[in-house]
Amino acid sequence: MKPVLQMAVITGLSGAGKSTAVRALEDEGFFCIDNLPVPFLQRLVELLARGGGEIDRVALVMDAREGRFLEQAPEVFAEARRSGVDLTVLFLDARDEALMRRFSETRRRHPLAPDRPVQDGIHDERLALSGLRRLADEVIDTSALTVHELRQMIHARFNRAEGQGLVITLMSFGFRYGVSPQSDLVLDVRFLANPYFIDELKGLDGRDPAVAKYVLDQPETTGFLQHAQGLCEFLLPQYRREGKSYLTLSIGCTGGKHRSVAVAHALAQRLSDQGEQVRVWDRDLDKD
């Protein structure tokens, strides 16, 4: 059955970035509704279907404010999918220390613990949302993400131009800044000769033709790309069979500016030439 509309359910912990995610979805053309009670979801689907497709992208924020309604989420989501809705549940999470820091910076009280320590509210909310977390199609840990990076991730995942099917993100990054929790696969290219030590290349990055040529002309790079492409050719059909919609393959070097960038873009081109939906995120280009 062809989906009657695309629906994104944004859920997760307070302070983990739900407001940022919703604003990003608004930019992508979603009609956004905050705190719609779970039992009303199917009624909303019926009303939108009667509207003739005028609204075909909807984002719903559901969180601990739903209370006991959350217990109905599994059946309500299943019913929406049976009726043809392309429904994605996105759960935003973060480490306790990151959430506590954000509440401290904004001087906000936790909504579940207005008269108690923030830590108590975080604990209660994790318990309340544990069922929704298990239902999530994707969990994003925002502990180390900036607002800009989170918005970029949301835009990439829900960009209408991407179409349907498995979408592959090739993320270049620097091990100096840590491995992203969103990584499904991580490849290390620190074994390649580093353009950073070439004076005329040091100030450039892997997108520059001179840097790309220096990295890609190495015989080791050619071998690496062949093996990486072969790994993808083997794995992608398996992920599709399991119903996976998004795959993040992270490629890291020391600083995330030269080798990983050049290799990520080269691998993206190879996969695109095979008809894959690929996007590249150079995570650490702007870091010092």
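A brief structural summary. Values in this document were obtained by computation on a predicted structure and should not be read as measured data.

## A closer look at the nonpolar core
Piece 1. Among the nonpolar cores identified, the biggest contains 48 residues, and Met7, Leu41 and Phe77 are the most heavily contacted of them.
Piece 2. Of all the secondary-structure elements, those providing two or more residues to this core are strand 1 (6-12), helix 1 (18-27), helix 2 (41-50), strand 3 (57-61), helix 3 (73-82), strand 4 (86-93), helix 4 (96-106) and helix 7 (147-157).
Piece 3. The element that contributes the greatest number of residues to this core is strand 4, accounting for five residues.
Piece 4. Contact partners of Met7, with chain neighbours within four places excluded, come to Leu41, Val45, Val58, Leu60, Val85, Asp86, Leu87 and Thr88.
Piece 5. One finds Leu166, Leu170, Phe224 and Leu271 within the second-largest nonpolar core, a separate group that totals 28 residues.

## Regarding the pattern of salt bridges
Piece 1. Applying the stated criterion across every chain, the model contains 20 salt bridges.
Piece 2. Residue Arg151 is joined to Asp27 by a salt bridge in which the shortest nitrogen-to-oxygen separation is 2.4 Å. Taken together, the residues Arg151 in helix 7 and Asp27 in helix 1 connect sequence positions 124 residues apart.
Piece 3. Residue class for Arg151 comes out partly exposed when judged on its relative accessible area of 23%.
Piece 4. Between Glu105 and Arg101 there is a salt bridge, with its nearest N and O atoms 3.8 Å apart. Of the two residues, Glu105 and Arg101 are both situated in helix 4; the distance of four residues between them amounts to about one turn of the helix.
Piece 5. Among the residues examined, Glu105 registers a relative accessible area of 58% and is labelled exposed.
Piece 6. Looking at Arg101, the relative accessible area reads 40%, which means it is partly exposed.
Piece 7. Counted as one network, the salt bridges with shared partners bring together Asp93, Asp96, Arg126 and Arg133.

## Points about helix 4
Piece 1. Within helix 4, burial applies to Ala98, Leu99, Arg102 and Phe103. Projection of helix 4 onto a plane perpendicular to its axis shows the buried side chains occupying an angular sector of 135°, all on one side. Away from its buried face by more than 90 degrees, helix 4 exposes Ser104 and Glu105.
Piece 2. Those residues of helix 4 that are buried are in contact with helix 5 (118-128).

## Here's the deal with the packing of helix 9 (residues 209-216) against helix 11 (residues 259-273)
Piece 1. At a minimum axis distance of 9 Å, the contact between helix 9 and helix 11 shows a crossing angle of 85°. The angle between helix 9 and helix 11 falls in the class roughly perpendicular. Contact with helix 9, carried on its side by Ala212, Val215 and Leu216, involves Arg259, Ala262, Val263 and Ala266 of helix 11 and no other residues of that element.
Piece 2. In the contact of helix 9 with helix 11, the residues fall into six nonpolar, no polar and one charged.

## A closer look at the side chain of Asp141
Piece 1. With respect to the element layout, Asp141 can be found in strand 5 (residues 138-141).
Piece 2. Buried Asp141, no salt bridge; nearest opposite-charge side chain is Arg95, N-O distance 4.6 Å.
Piece 3. A distance of 2.6 Å separates the side chain of Asp141 from the side chain of Ser143, its partner in a polar contact.
Piece 4. When neighbours within four sequence positions are excluded, Asp141 is seen to be in contact with Asp93, Ala94, Arg95, Pro181 and Gln182.

## Quick notes on the packing of helix 10 (residues 219-241) against helix 11
Piece 1. Between helix 10 and helix 11, whose axes approach to 10 Å, the crossing angle comes to 50°. The angle between the axes of helix 10 and helix 11 places the two elements in the oblique class. Taken as a pair, helix 10 and helix 11 cross one another with a handedness that is right-handed. Taking contact as the criterion, the partners of Thr221, Phe224, Leu225, Gln226, Ala228, Gln229 and Cys232 in helix 10 are, on helix 11, Val263, Ala266, Leu267, Arg270 and Leu271.
Piece 2. Considering only residue class, the contact of helix 10 with helix 11 consists of eight nonpolar, three polar and one charged.

Scoring rules and cut-offs
- Residues numbered from 1 in each chain as written.
- Predicted model: local features only at pLDDT ≥ 70, side-chain atom pairs only at ≥ 80, totals over all residues.
- Heavy atoms only, no water.
- Core = buried A, V, L, I, M, F, W, Y, C linked by side-chain atoms within 4.5 Å.
- Buried < 20%, exposed > 50% of the residue type's maximum accessible area, 1.4 Å probe, protein only.
- Helix = DSSP H or I, 4+ residues; strand = E, 2+ residues; numbered from the N terminus.
- Contact = heavy atoms within 4.5 Å.
- Salt bridge = Lys/Arg side-chain N within 4 Å of Asp/Glu carboxyl O.
- Arc of directions from axis to C-beta.
- Axes fitted to C-alpha atoms, helices over the stretch in contact; angles between N-to-C directions.
- Parallel < 35°, antiparallel > 145°, perpendicular 65-115°, else oblique.
- Nonpolar A, V, L, I, M, F, W, Y, C, P; charged D, E, K, R; others polar.
- Lys, Arg positive; Asp, Glu negative; His and termini not counted.
- Polar contact = N/O pair within 3.5 Å; in protein donor to acceptor, adjacent residues only side chain to side chain.
- Left-handed = near helix turned anticlockwise from the far one by under 90°.

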